Amino acid sequence: MKKALPTLLTLLAIAPGAVLAQSSVVVYGVADAGLVYERGGAAQARNISSGIASGSRLGFKGTEELGNGLNANFVLESGFGIDTGASAQGGLLFGRQAYVGLSSRGAGAVTLGRQYSPYYRTLRDVADPFAIGLAGTASNLMTSNTRVDNMVEYVSPAFLGLSADLAYGAGESALGSDANRTLGAALNYVRGPARMTLAHHRRDNASASDKASNTLLAVKYDFGAAQANFGYAANDGLAGADSHDLLLGLSAPLGAHKLLASYIRHVDENAAAKDARQWAFGYLYSLSKRTDLYAAYAHINNKNGATYKVGNATDIGTGNTGVNLGMRHAF
């Protein structure tokens with residue numbers, strides 16, 4: 001259960017006599033671990049892994065009411081491996097997320113820092129029934145563009161079901177403002193049980209001489225008894241490495257049980273035609289609102305020398321077939 005902590009440090013830091021704004025800080029996290037079996041690579045892999053369904057993390061987030069509907073907010077989120085205790089994301093202190101911003105109901109929100117890209121959130125929240133986790137994660141075949149450093153993002157308020165998301169990531173390169181620059185955007189439409197998002201992500205290379213871009217149309221529809229997912233991505237890679245992806249997904253909640261399934265087809269548009277297809281199935285069992293058990297299976301059929309591997313939320317995998325069994329607890 002998320003616990004609101006008293007803002008004692010805030011009270012001690014303010015000058016005597018200052019007007020106090022209402023504020024709160026929440027500590028939260030995910031502890032996720034399980035068994036991973038992979039085959040189809042150089043050797044079979046059997047191991048205990050962390051963050052299979054969702055990356056294990058410890059986070060802090062806070063909100064302060066500034067008046068007139070304006071709020072200040074922040075998120076600091078650190079990833080770790082529950083199997084070893086080591087820091088994730090290359091050892092970064094807050095490698096998952098680190099940002100601060102302002103928000104209001106009428107004007108939207110602006111945030112600055114290390115954040116998830118609009119494209120990643122579209123793939124995770126709309127297109128992929130596995131939410132980019134477990135052996136069935138869409139990121140096995142599709143580009144995910146997970147996080148962007150030095151990013152400023154604006155999310156508009158919703159109007160008649162429509163909202164927009166704009167992001168700019170500064171490359172901070174001595175070679176110029178275009179080098180390593182990231183541009184992102186998403187247009188969202190929500191109406192009743194239907195949600196549709198068109199997202200775009202672009203990243204210039206280190207010399208600003210080439211760029212890679214991805215455009216994703218994602219649709220999710222909740223029928224009540226089941227939820228259907230659709231995604232189509234057009235990818236323009238560096239040096240003409242172009243491709244496109246098709247995703248079809250389904251999830252069905254059955255009381256404490258939940259079934260997941262997806263099919264992904266990756267088409268290489270170059271002469272090598274290194275195509276791939278993935279079939280994936282998952283099962284979740286809720287022990288409580290915060291704790292679940294999971295099992296998943298995925299297989300990738302690589303063609304013409306393609307080398308795609310079955311991974312999970314934090315592991316790129318070692319072979320073309322993967323099986324997961326584990327437990328996830330959110331607090």
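Just so we're clear, the structure is a prediction, and the values are computed from it rather than from any experiment. (Residues numbered from 1 in each chain as written. Predicted model: local features only at pLDDT ≥ 70, side-chain atom pairs only at ≥ 80, totals over all residues. Heavy atoms only, no water.)

## Details of a nonpolar patch on the surface
- On the surface, a nonpolar cluster with roughly 560 Å² of combined accessible area is contributed by Val100, Val110, Leu112, Val152, Tyr154, Leu166 and Tyr168.
- Elements that contribute at least two residues to the nonpolar patch include exactly strand E7 (108–116), strand E8 (147–155) and strand E9 (162–169). (Patch = residues over 30% accessible without salt bridge, like charges linked within 9 Å, V, L, I, M, F, W, Y side chains within 5 Å. Areas by Shrake-Rupley, 256 points an atom, 1.4 Å probe, with all protein chains shown as cover. Salt bridge = Lys/Arg side-chain N within 4 Å of Asp/Glu carboxyl O. Helix = DSSP H or I, 4+ residues; strand = E, 2+ residues; numbered from the N terminus.)

## Things to note about the packing of aromatic side chains
- Applying the stated criterion across every chain yields a total of 3 aromatic pairs.
- For the pair Tyr116 and Tyr120, a centre-to-centre distance of 4.9 Å together with 25° between the ring planes defines the contact as stacked. For the pair Tyr116 and Tyr120, a shared accessibility class is recorded, and that class is buried.
- Plain terms: the ring middles of Tyr263 and Trp279 are 5.6 Å apart, the flat faces sit at 50° to each other, and that makes the pair tilted. With Tyr263 in strand E15 (residues 257–268) and Trp279 in strand E16 (residues 276–286), this residue pair connects regions lying 16 residues apart in the sequence.
- A cation over a ring is seen here: Lys61 above Tyr28, with NZ or CZ 5.1 Å from the ring centre.
- Taking the ring centre of Tyr116 as reference, the NZ or CZ of Arg124 above it sits at 5.3 Å. (Phe/Tyr/Trp six-rings, centres within 6.5 Å; stacked < 30°, edge-to-face > 60°. Buried < 20%, exposed > 50% of the residue type's maximum accessible area, 1.4 Å probe, protein only. Lys NZ or Arg CZ within 6 Å of the ring centre and 35° of its normal.)

## Quick look at the pairing of E7
- In this sheet, E7 lies alongside strand E6 (residues 97–104) in antiparallel orientation, the contact comprising 7 bridges. Bridge assignment links Val100 to a residue of E7, and that residue is Leu112.
- Adjacent in sequence and paired antiparallel, E6 and E7 are bridged by 3 residues.
- Across 7 bridges, E7 lies against E8 in antiparallel orientation. Following the sheet pairing, Gly113 is matched in E8 by Met151. (Pairing = 2+ DSSP bridges.)

## Overview of the side chain of Asp292
- Relative to the elements of secondary structure, Asp292 occurs in strand E17 (residues 291–302).
- Under the relative-accessibility criterion, Asp292 is labelled buried at 11%.
- Of note is the side chain of Asp292, whose polar atom sits 2.8 Å from the side chain of Arg328.
- With residues up to four places along the chain from it excluded, the contact list for Asp292 reads Leu284, Tyr285, Ser286, Leu287, Gly326, Met327 and Arg328. (Polar contact = N/O pair within 3.5 Å; in protein donor to acceptor, adjacent residues only side chain to side chain. Contact = heavy atoms within 4.5 Å.)

## Considering the environment of Thr84
- Here Thr84 lies in the loop between strand E5 (70–79) and E6.
- Sequence separation of Thr84 and Ser49 is 35 residues, and the distance between their C-alpha atoms is 9.0 Å.
- Within the structure, Thr84 has its side chain in polar contact with the backbone nitrogen of Ala86 (distance 3.2 Å).

## Some points on helix H2 (residues 118–127)
- Counting buried residues along H2, 7 of its 10 residues qualify, which places the element largely inside the surrounding structure.
- All of the buried residues along H2 are Pro118, Tyr119, Tyr120, Thr122, Leu123, Val126 and Ala127.

## Concerning the layout of surface pockets
- Roughly 980 Å³ of internal volume is contained in the largest pocket.
- Contributing to the lining of the largest pocket are 48 residues, with Ala53, Ala131, Ile132, Gly133 and Ala313 lying nearest its centre.
- For the lining of the largest pocket, the elements supplying multiple residues, two or more each, are H2, strand E13 (227–236), strand E14 (243–254), E15 and E16. (1 Å grid on protein atoms, 1.4 Å probe; cavity = no way out; pocket = protein on both sides within 12 Å on 5 of 7 lines; lining within 4 Å. Points joined across faces, edges and corners; volume = space filled by probe spheres on them.)

## Describing the pattern of salt bridges
- For the structure on display, the rule yields 10 salt bridges.
- Residue Arg96 is joined to Glu77 by a salt bridge in which the shortest nitrogen-to-oxygen separation is 2.7 Å. Here Glu77 lies in strand E5 and Arg96 lies in the loop between E5 and E6, a separation of 19 residues in the sequence.
- Here Asp178 and Arg181 are joined by a salt bridge, their closest N and O atoms 3.1 Å apart.
- According to the relative accessible area criterion, Asp178 is partly exposed, its value standing at 34%.
- According to the relative accessible area criterion, Arg181 is buried, its value standing at 16%.
- Several salt bridges converge on common partners, so that one network encompasses Asp178, Arg181, Arg202 and Asp204.

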